[in-house]
Amino acid sequence: MAQPVSEDAATHTVRGACPHDCPDTCALEVTVSRGRVLKVAGAADHPPTAGVLCTKVAHYPERIHHPQRLLHPQRRLGAKGPGARFERISWEEALAIISERFRSIIASHGAEAIVPYSYAGNSGLLGYGSLDRRFFHRLGAAQLDRTICASAGAMGYRATIGASIGFDPENVVDSRLIIIWGSNSVVSNLHFWRLAQEAKRRGARLIAVDPCRTITADKCDQHIALLPGTDSALALGLMHVLIRDDLVDHDYVARHTIGFAELARRAQDFPPNRVATICDIDERIVEKLAHEYGSARPTAIRTNYGINRTAGGGMALRTIACLPALTGAWRDPAGGILLSTSGNYPVNTAALERPDLMPQPLPRVLNMSTVGHDLLQAQPPIRAIFVYNSNPVAVAPQSGEVVRGFARSDLFTVVHDLFQTDTADYADILLPATSHMEQLDIHKSYGHLHIQVNQPAIAPLGEALPNTELFRRLASRMGFSESCFGDSDEDLCRQAFDWSDPRLAGLSWQHLATAGHARLNLPQRHAPFADGGFPTPSGKCEFYSQMLADQGLDPLPAFVAPREWRQSPLAAEFPLALLTPPARNFLNTSFANSQRFLAQEKSPTVLINPHDAAERAIAEGSLVRIFNRRGEFAARAVISDRARPGVVVATSIWWRKLSPDGRNCNEVTSQALTDMGGGATFYDCLVDVATSCQRSAS
Ligand SMILES: Nc1nc2c(c(=O)[nH]1)N[C@H]1C(S)=C(S)[C@@H](COP(=O)(O)OP(=O)(O)OC[C@H]3O[C@@H](n4cnc5c(=O)[nH]c(N)nc54)[C@H](O)[C@@H]3O)O[C@H]1N2
Ligand SMILES: Nc1nc2c(c(=O)[nH]1)N[C@H]1C(S)=C(S)[C@@H](COP(=O)(O)OP(=O)(O)OC[C@H]3O[C@@H](n4cnc5c(=O)[nH]c(N)nc54)[C@H](O)[C@@H]3O)O[C@H]1N2
Ligand code: SF4
Ligand SMILES: [Mo]
C-alpha cells in the first residue's frame, strides 16, 4: 500500500520518467514532502502509461528511502567478496585515490588497461551515456561493447528492416491477430499487454510463441511451445506455406522487397514436417498458423529480446522480421512487427558521448558479455574496472569466471551504485549514486514513441551523486580542460536530441521541461512502411542482405541451431535446456534486494516438467541443483507442465548473496556469443537437474 499523501503545504507533485531498462518508459507523478518521496503514480495524461504502473515502481518510495541505500563514499577494508567491509571516506579522498591510481596505471600500462563497465541500470539519456562516455573517451580507456541484452536482435532486425523501427504499439488495438513471439508481456512489457487485451476484447486472436507457458501465454488464445532457439525454423516454415499456398502480397513484395526468389528457394528447404521436427511441435500447428497469418488483417508480431539469447539470435530476429513484408502486413497501422521503437528518436549520440575525444589509434574494444574471460585473460591485462549502472557479478554469464576475475587482488575496482550489490563487494572504492528522483534527465523509449523529461523530485540523499556529476568531478581531478566537461545537466538535455529533425518539429527543450512529455511528431495512425521506404542500404525490406554477405554471414534467412543443441553430444550428459527469463517482481537484479519483492518471489525456483521431474525423482518444493560443466546453483523445484519437456525455467536475476547457496543462475550460463552483434547467449545453456543429495557437478 502506498502511504497516504499528507495535506501539508510542502507537499507537491513532480513529473518524472521511469529510468529502468523496460520498454514501457512510464511517465511518473512523484508526490514529495520535506525531501521525502511519499507516493509514485503513473501519469494519466501520458497515453502509453495511462495512469498505471507496475507493482515494482508503484512501491518506489521504499526503494528511494531504503535503509541500505549507499549514502557516502567508502573504501574497502580486508578481503574482496561477499562479507567485504568498508569504511567511510570523503568524496575528496575517493576522487584522489581513483585519479592517482588511474594516473599510475596509465603511466605503466597505458589507458587501455582501464575499462568502464556500464549498462542500462539508468536508461535516461544522461544517466545511460553522456559525461561518463566523454570521460572514458578522453582518458583513452578501453571501449566497452554493450552487448549483454539486445545487440544480436538489433543487428538481425536491422539486416531486414534497416533500423529499430516497427509498428506503433498504440495502434495494436486494431489488430486482428497478434503473435507475441518470445516475450512475456505481462511481466516485462505490461503496457503493451494492456493494449493487446483491448485488441482481444475487440475480437483479435492472441498467440504466444514461447517454450514456457508463461502468465502471458496462459491468457492468449493459443500457445506454441517450441524448443528454445528454433524460432527461425518456425518462421521459415511459415514462409514455406505462405509461398506454397500463395498467401503472399505480390504487389508489396515486388515494390518494397529484394531477394524474393532467393527467399522462396530457401523456404523450400523448410516444409512443415521438417520444421515440426526441429521445433518439436505438431506440423499442423505450422500449417494453421501460416494460414491464419496469411489471411487475417491487420496482423502484428510483437517480439522482444527473449529470442536473441541463443547462438542464432541475430538470425532469428532477421528471419521473423521478413514475415510482414511477405504478407503486406506493413500496409496497416496495426500491422507489421515490433522489436523496439528506439530507432525513431533523433538522439544526438555524438554530442552526448563525444567519441571524437578518443585518441588515435582508437583504444581496444572489450565485449561486456565476456567480462569474466577478459578479466582473467585479456592481453594486455585489464588493471582497473569502473562499474556503474550495472551489476556484472550477478548478471554476466559464467559467474565462476566473472567472480574469479573480480577477485583478482591486483585489479583496481570502482563501483558506483545505489546499493551494495554483489559487484560492490569487490570494490576498492564504493561510491553512492543518486536515484533518478534526485536528478534531471531526458528519455527516449524502446516501447513507445514519446519523449519524457525526468525532473528531480528531491535533493540527493546523503552524499550521493548522479553519474554526470561524478564524471564531471573526476574529469576535473584528471585535469581535463575541454569545455564539454563543464556542461550542466540541462546543457546535456539540450544536446541530447537533434531538435531540427522533422520528428521533433514543434518540440523544444523548454516545452518539454514544462510539459513533461510529448509524442514524437509522427502521425497518430502511423504505418511506418506502408509505402516501403525501409532504412536499409537498398531502401527495401531485405530478404537478401548484401550487408550480411559482406560480413561472411548467410545473406538469406536461415536456421542457426543453438550452440548447446539437444542433438549435440553434450546433450547426452546435460539433456535439459535452461531458460532464465525475468522475474515479475525484479528488474534484472534491481528490486531483488527489497523485502517486499523477495517475499513475493519467495525463493529461486526452477520449473520442471512432471516427466523430467519423475525421471530424476525430484519432489515438488525440494531444493535441487542445476548444473553443467561451468558450475551449479540451487533452486526449489516447481513441477509443472508450464515448462515443456526438455526445458527448465529459472526466473531471474537473484542476488548471489541473497540466494540459498550464495550463487545464481549465471553460474551455468555460457560466455559464447551470438551469430550477430556479439551478444550474450544466456538461453543457450544445457544443464541437468538433480536432488541436492545426488552427485556434485565437478
Ligand atoms: N518485470 C521485469 N520486467 C523487465 C525485466 C525484468 O527483469 N523484470 N527486464 C527488462 C529487460 S532488461 C529486458 S531486455 C526486457 C526483456 O523482455 P523480453 O525479451 O520480452 O523478456 P521476457 O519477458 O523474459 O520474455 C522472454 C520470453 O522468451 C521466452 N524464451 C526464451 N527463449 C526463447 C526462444 O528461444 N524462443 C522463444 N520463442 N521464446 C523464448 C522466455 O520463456 C520468456 O517467456 O524486459 C524488461 N522488463
Ligand atoms: N541469466 C540471465 N542473465 C541475464 C539476463 C537474463 O535474462 N538471464 N538478462 C540480461 C539482460 S537483458 C540485461 S539488460 C542485463 C542487465 O544487467 P544490469 O544492467 O547489470 O542490470 P541490473 O542488475 O538491474 O543492475 C543495474 C544496477 O545499476 C544501478 N543503478 C541504477 N541507477 C543508477 C544510476 O543512476 N547510477 C549508477 N551508477 N547506478 C545505477 C542499480 O542499483 C543496479 O544495481 O542482465 C543480463 N543478464
Ligand atoms: S519498470 Fe516498466 S512498467 Fe514499471 S514503471 Fe518502469 S517503465 Fe513502467
Ligand atoms: Mo535487457
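Owing to the predicted nature of the structure, the values given are computational and were not obtained by experimental measurement.

The rules we used
Residues numbered from 1 in each chain as written. Chains lettered and ligands numbered in written order. Predicted model: local features only at pLDDT ≥ 70, side-chain atom pairs only at ≥ 80, totals over all residues. Heavy atoms only, no water. Helix = DSSP H or I, 4+ residues; strand = E, 2+ residues; numbered from the N terminus. Buried < 20%, exposed > 50% of the residue type's maximum accessible area, 1.4 Å probe, protein only. Contact = heavy atoms within 4.5 Å. Near = heavy atom within 4 Å. Nonpolar A, V, L, I, M, F, W, Y, C, P; charged D, E, K, R; others polar. Salt bridge = Lys/Arg side-chain N within 4 Å of Asp/Glu carboxyl O. Domains from an automatic or database assignment. Buried area = accessible area lost by both parts, 1.4 Å probe. Polar contact = N/O pair within 3.5 Å; in protein donor to acceptor, adjacent residues only side chain to side chain. Areas by Shrake-Rupley, 256 points an atom, 1.4 Å probe, with all protein chains shown as cover. Axes fitted to C-alpha atoms, helices over the stretch in contact; angles between N-to-C directions. Parallel < 35°, antiparallel > 145°, perpendicular 65-115°, else oblique. Left-handed = near helix turned anticlockwise from the far one by under 90°. Phe/Tyr/Trp six-rings, centres within 6.5 Å; stacked < 30°, edge-to-face > 60°. Lys NZ or Arg CZ within 6 Å of the ring centre and 35° of its normal.

**Digging into the environment of Ala27**
Next, step 1: You can see Ala27 is positioned in strand 2 (residues 27–33).
Next, step 2: For Ala27, a relative accessible area of 2% puts it in the buried group.
Next, step 3: Apart from the residues within four sequence positions on either side, Ala27 is in contact with Gly16, Ala41, Gly42, Ala43, His46, Thr49, Gln452 and His517.

**Section: the site of ligand 3**
Next, step 1: Near ligand 3, the surroundings consist of Cys18, Cys22, Asp24, Thr25, Cys26, Leu53, Cys54, Val57, His191 and Leu587.
Next, step 2: Residue composition of the shell around ligand 3, grouped by class: seven nonpolar, two polar and one charged.

**A few points about the pattern of salt bridges**
Next, step 1: Under the criterion given, the structure shown has 47 salt bridges.
Next, step 2: Residue Arg138 is joined to Glu482 by a salt bridge in which the shortest nitrogen-to-oxygen separation is 2.7 Å. Separated by 344 residues along the polypeptide, Arg138 in helix 5 (residues 131–139) and Glu482 in the loop between helix 21 (467–477) and helix 22 (489–495) bring together distant segments of the chain.
Next, step 3: By relative accessible area, which is 29% here, Glu482 ends up partly exposed.
Next, step 4: Overlapping salt bridges bring together Asp174, Glu198, Arg201, Arg202 and Arg525 as one network.

**So, the domain arrangement of the protein**
Next, step 1: Entries for the protein in the domain assignment read domain 1 (12–64), domain 2 (74–148 + 368–515), domain 3 (152–339 + 531–550) and domain 4 (570–691).
Next, step 2: In this structure, domain 1 and domain 3 have C-alpha centres spaced 33 Å apart.
Next, step 3: At the interface, 12 residues of domain 1 touch 10 residues of domain 3.
Next, step 4: Both sides together, the interface formed by domain 1 and domain 3 hides about 680 Å², and carbon and sulfur atoms give 51% of it.
Next, step 5: Sorting the residues of domain 1 by area buried against domain 3 places Pro23, Asp24 and Pro48 first, and these three jointly supply 54% of that buried surface.
Next, step 6: The tally of links from domain 1 across to domain 3 stands at zero salt bridges.
Next, step 7: Considered class by class, the residues forming the side of domain 1 that touches domain 3 number nine nonpolar, one polar and two charged.

**Thoughts on the site of ligand 1**
Next, step 1: The local shell around ligand 1 holds 33 residues, among which Ser188, Asp210, Asp231, Pro582 and Phe586 are the closest.
Next, step 2: Between ligand 1 and Val209, the relevant distance is 3.1 Å, taken from a nitrogen atom to a main-chain nitrogen or oxygen of the residue.
Next, step 3: Separating a nitrogen atom of ligand 1 from a side-chain N or O atom of Asp231 is a distance of 2.7 Å.
Next, step 4: When the free accessible area of ligand 1 is taken as 910 Å², the share hidden by the protein chains comes to 98%.
Next, step 5: In terms of residue class, the shell around ligand 1 is made up of 18 nonpolar, nine polar and six charged.
Next, step 6: Taken together, domain 3 (152–339 + 531–550) and domain 4 (570–691) each give at least three residues to the shell around ligand 1, which thus spans both.

**As for the packing of helix 5 against helix 21**
Next, step 1: In contact at an axis separation of 8 Å, helix 5 and helix 21 are set at 30° when each is read in the N-to-C sense. If you check the angle between helix 5 and helix 21, you find them roughly parallel. Note on packing geometry: the crossing formed by helix 5 with helix 21 is left-handed. Along its contact with helix 5, which presents Leu131, Asp132, Phe135 and Phe136, the element helix 21 presents Thr468, Phe471, Arg472, Leu474 and Ala475.
Next, step 2: Residues of the contact of helix 5 with helix 21, tallied by class, amount to six nonpolar, one polar and two charged.

**Focus: the packing of aromatic side chains**
Next, step 1: A complete count under the given rule lists 24 aromatic pairs for this structure.
Next, step 2: Aromatic side chains Phe136 and Phe386 sit 5.7 Å apart centroid to centroid with 75° between the ring planes, which places their arrangement in the edge-to-face category. Taken together, the residues Phe136 in helix 5 and Phe386 in strand 15 (residues 384–388) connect sequence positions 250 residues apart.
Next, step 3: Residue class for Phe136 comes out buried when judged on its relative accessible area of 4%.
Next, step 4: Among the aromatic residues, those joined into a ring-pair cluster are Phe102, Phe135, Phe136, Phe386, Tyr388, Phe412, Phe471, Phe480 and Phe485.
Next, step 5: Here the guanidinium or amino end of Arg133 rests over the ring plane of Tyr128, the centre of that ring lying 4.9 Å away.

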